[in-house]
Every structure is written in structure tokens, then in C-alpha cells.
Amino acid sequence: MKAIVHQGEGLDGASYRDMERPGIEPGQVCVKLKAAALNHRDIWTCNRAEPGASPVILGSDGTGIVSELGAGVDDLAVGDEVVINSSQDWASRSEVPLGEYGVGYKILGFPDHGTFAEYIVIGRQQVEPKPAFLDWREAAAFCLVGITTYRALFSEGRLKAGQTVAIPGIGGGAATQALLFAKAAGAKVVITSRSEEKLSKARELGANLAVKSDGDWGQAVRDFTAGRGADIVIETVGEATWKNSLAALANGGRLVVFGGTSGGTVEIDLGSLYLHWQSIIGTTMGSREEFRDMLAFTEAHQIHPIIDRSFPLSEGVEAMRYLDSAGQMGNVVLEIDT
Ligand SMILES: NC(=O)c1ccc[n+]([C@@H]2O[C@H](COP(=O)([O-])OP(=O)(O)OC[C@H]3O[C@@H](n4cnc5c(N)ncnc54)[C@H](OP(=O)(O)O)[C@@H]3O)[C@@H](O)[C@H]2O)c1
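Note that the structure is a prediction, hence the values are computed from the model and not measured.

### What about the overall build of the protein chain?
Move 1: Helix and strand content of the protein chain: ten helices and 18 strands.
Move 2: Against the 2.2 N^0.38 benchmark of 20 Å for 338 residues, the protein chain shows a C-alpha radius of gyration of 20 Å, consistent with a compact globule.
Move 3: With the C-alpha coordinates of the protein chain rotated into their principal frame, the extents come out at 60 × 40 × 35 Å.
Move 4: Put simply, 69% of the contacts in the protein chain that link residues at least 6 apart link residues at least 24 apart.

### Quick word on the sheet that holds strand 14 (residues 230-235)
Move 1: Spatial strand order, 13-12-11-14-15-16: six strands in an open sheet with parallel pairing. Looking at strand neighbours, the two that pair on one side only are strand 13 (209-212) and strand 16 (279-282), the edges of this open sheet. Within this sheet the neighbouring strands show an average axis-to-axis angle of 20 degrees, counted without direction.
Move 2: Pairing geometry for strand 11 (residues 164-167) and strand 14, over two bridges, is parallel.

### Thoughts on the environment of Gly162
Move 1: Within the fold, Gly162 resides in the loop between helix 3 (143-156) and strand 11.
Move 2: For Gly162, a count of 10 C-beta atoms within 10 Å corresponds to the exposed category.

### Thoughts on the nonpolar core
Move 1: Core analysis: the biggest nonpolar cluster contains 98 residues, and Val31, Leu153, Val165, Ile167, Leu179 and Ala230 have the highest contact counts within it.
Move 2: At eight residues, helix 3 tops the list of elements feeding residues into this core.
Move 3: For this core, the two domains that each supply at least three residues are domain 1 (2-142 + 305-335) and domain 2 (146-282).
Move 4: Apart from residues no more than four positions distant in its own chain, Val165 is found in contact with Leu159, Ala182, Ala187, Val189, Ala230, Asp231, Ile232 and Ile234.

### Quick notes on the site of the ligand
Move 1: Lining the immediate environment of the ligand, one finds 31 residues, of which Gly169, Gly171, Gly172, Ser193 and Gly259 sit closest.
Move 2: Listed by contribution, the elements that provide at least two residues to the shell around the ligand are helix 1 (40-48), helix 3, helix 4 (173-184) and helix 7 (239-248).
Move 3: A breakdown of the residues in the shell around the ligand according to their chemical character gives eleven nonpolar, 17 polar and three charged.

### Some details on unusual backbone geometry
Glycine aside, residues mostly have negative phi angles, and peptide bonds mostly take the trans form.
Move 1: For the peptide bond that leads from Phe110 to Pro111, omega is 10 degrees, which places it in the cis range.
Move 2: Locating Pro111 in the fold gives a position in the loop between strand 8 (106-107) and strand 9 (119-123).
Move 3: Located in the positive-phi region is Arg158, a residue other than glycine, with phi close to 50 degrees.
Move 4: Look at Trp277: it is not a glycine, yet its phi comes out positive at around 55 degrees.

### Considerations on helix 7
Move 1: Those residues of helix 7 that sit buried are Thr241, Trp242, Asn244, Ser245, Leu246 and Ala248.
Move 2: Tucked into the core, helix 7 has its buried residues touching strand 11, strand 12 (188-193), helix 6 (217-224), strand 14 and strand 15 (249-257).

### Some details on the domain arrangement of the protein chain
You'll often see interface size given as the accessible area lost when the parts meet.
Move 1: Here the domain parsing of the protein chain yields domain 1 (2-142 + 305-335) and domain 2 (146-282).
Move 2: On a C-alpha basis, the centres of domain 1 and domain 2 stand 28 Å from each other.
Move 3: The interface is formed by 13 residues belonging to domain 1 together with ten residues belonging to domain 2.
Move 4: In terms of residue class, the side of domain 1 that touches domain 2 is built from five nonpolar, seven polar and one charged.

### Thoughts on the sheet that holds strand 2 (residues 14-18)
Move 1: Taken in spatial order, the three strands of this open sheet run 2-1-4, and their pairing is antiparallel. Edge strands, defined here as strands with exactly one partner in the open sheet, are strand 2 and strand 4 (56-57).
Move 2: Pairing geometry for strand 1 (residues 2-6) and strand 4, over two bridges, is antiparallel. Bridge pairing links His6 to Val56 in strand 4.
Move 3: Packed onto the sheet, helix 10 (residues 316-324) meets strand 1 and strand 2 and runs at close to 160 degrees relative to strand 2.

### Brief notes about helix 1
Owing to its 3.6 residues per turn, the α-helix brings residues three or four apart onto one side.
Move 1: Looking at helix 1, one finds that the buried residues are Arg41, Asp42, Thr45 and Cys46. Down the axis of helix 1, the buried side of the element spans an arc of 145 degrees, and every buried residue falls inside it.
Move 2: Where helix 1 is buried, its residues touch strand 1, strand 2, strand 8 and helix 10.

Procedures and definitions
- Residues numbered from 1 in each chain as written.
- Predicted model: local features only at pLDDT ≥ 70, side-chain atom pairs only at ≥ 80, totals over all residues.
- Helix = DSSP H or I, 4+ residues; strand = E, 2+ residues; numbered from the N terminus.
- Rg over C-alpha atoms; globule rule 2.2 N^0.38 Å.
- Contact = placed C-beta atoms within 7 Å.
- Pairing = 2+ DSSP bridges.
- Axes fitted to C-alpha atoms, helices over the stretch in contact; angles between N-to-C directions.
- Buried ≥ 20, exposed ≤ 12 C-beta atoms within 10 Å, placed from the backbone.
- Core = buried A, V, L, I, M, F, W, Y, C linked by C-beta atoms within 7 Å.
- Domains from an automatic or database assignment.
- Near = placed C-beta within 6 Å.
- Nonpolar A, V, L, I, M, F, W, Y, C, P; charged D, E, K, R; others polar.
- Arc of directions from axis to C-beta.

Right under this line is the structure:
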């Protein structure tokens, strides 16, 4: 089968090539993929790979049609349309993965083979019914960022209607998904970007305030909230926005972090943190229970993820270079068989 495979160093080690189609074991399903979506993780995977390591099929997000069932899988049928939950071995909503499926906590796409391929074989517990109102590209785009932002906003951030959420760096797939979820939950949302075009697009998507990332936007959030600050800040940019993210946070506010694209070494004034009853919370991905809740929330609010651009699977390496250039607003998708 055709796939986007990484072996070697950096993005130069990624290529479109043939890989053997995997065999199926008891408890697994084979999915004929229709679309897959990129995440920054695919680029990190290329950059951190060790020389001499085995080839790995990249990709965490995907959607497609069940083409084969392993022994013991009797609650799915060949032909079912499914989305893939790349957060493996985490069933129940809990503070950390509990390893209920006994395979070890992993995110799909490294070290296990991922979704940038014509087929994937995966544990039955990692697939859920595809929301019918989404097309293939949309269904591929929102799963990894969906589960992560859903947990960040609701399980960790404890977001309630009427609260204010600040989201720096709106161009990323995670940030745009967080904007859509927060608006659907009735929050007021402040976003930042380095790009005027992305600020304007975010206003169209419902952002209540859209300001440049390089200015004193922490103060802009305070002005917007009559001095109070944001109840929740969703931080994925890291070093470049950290200072303002803390400045934007309300007394008792929660700064939820799950990425640091611009770098991960930051400073914290401990006195300011404890004197304002603030929390900094780290989170990654989420459980199957949260994934299902996220799908139900997406369906109930008919949330269509933002697709920036699509490429055919054969141009997957170009798609990763495009993502690496940070020109996108939303998700970058690979069409496999649509
Ligand atoms: N832990 C998890 O479970 C998890 C899950 C999903 C994602 N993540 C992480 O979350 C982060 C976001 O991922 P993503 O794929 O959605 O997006 P991304 O491609 O990493 O881009 C995020 C956005 O950050 C802003 N940005 C980047 N560098 C910047 C800089 N130097 N100064 C100011 N802004 C900057 C840009 O926004 P503008 O273009 O609008 O300026 C960019 O579009 C990544 O670090 C990813 O690894 C983690």
C-alpha cells in the first residue's frame, strides 16, 4: 500500500512510498482510509527520529471505512464509517491514562504506524462512528485537536457559559478547534495571531476580540473583561506568548498548556501566581470517554472544523512542509480516496 513514511532525519527523511499492508489480529479492525489530517506532532516526529530507526508511517488523525474485522470484534460491520481516536490505551475520564487496554499509553503515528496510508490496522477500542454531518476531510481534521481541546477546555479548564477564554496563536489546528468549542459552549473568546488575515478570519468564526500576538495583548484581555482577565487561557505557543498569557489570566484563572511551538522554557513569578489563586495545568490528549463526549458535543452543535488546505496523499511531504511554514489557518488534510 502507499503511505507517507519517515526514516532518517528531519522532513528530508519523509517520503511517499510502498509499505506492506499490515495483518490483522484478534480485537483489531482494518480501516480503508479516506482522509487523514496533519498535526504539528508529525513534524516533531520527523525531527526527533533516531538515525537507523525503522521506517514509520506518520499521521495521528484519520477517517475511513471498516474493511476487515479481527476475531472477537462483533459490534462493528465491514462498511461502517469510522473516525480514529489516536489516544491509545486510555478508556475512562481520569487525571492520567490508566492503561485499561493493556497496550501502553501511546499516541498513534509514532512509535506505531499511523494514518498517512491507504489502510491502518488498529484496536477496536480506537475507532468510533463517524459523525454523519461531516465530510471525509472534516472528519479527519478534528479528532486529535478535538479530544485535546475538549479536555483542556471542559475537563481541565472547567469552562462555563459566559466565561472568557483567551487563545493565543489562532492559526494552529488546535487553537481554531478551541475557538469553535468555546463559542459553542457560550464563552466569550479572545484570540491572538501574528497575521492580520487570520485575525479577520477568527472574527468571522466568532472571536469576540482578535488582537496581534506581538503587542501587549494581556492588557487587551483585561480591558475587554473590565479588568478581570480571562477565566481560562489555552496555551499552545509557549515562549512567545507566555508572558502575556499570564498577564491575561484572571484571579482564580486556569492556564491550560498542551503545546509550546515557539519553545518551552518560560519564567513564572510565583508570588503573582499564588497571590492571584491561579493554576497552571498541563494536559495531553484525553480518554475514550472524553473522545465520545467530544463527538457528541460536535454533533449537538454541528461544529465543522476549519480546513485550511487539502493535498493528495502522494503530496503528503509537501503538506508537512506547508504546515511547518505556519501559513495555515486551521487544519491541513490529506485526501486518500475521496
Ligand atoms: N499535548 C497534546 O495532546 C497536543 C495536542 C495537539 C497539539 N499539541 C501541540 O499544540 C501546539 C499547536 O499545534 P497545532 O498543530 O495546532 O499548531 P501549530 O502548527 O504548532 O501552530 C500554532 C500557532 O502558533 C502560533 N505561533 C507559532 N510560533 C509562534 C511564534 N514564534 N510567535 C507567536 N505565535 C506563534 C501561530 O499562530 P499565528 O499563525 O496565528 O500567529 C501558529 O499558527 C503544538 O506545539 C502541538 O505539538 C499538543
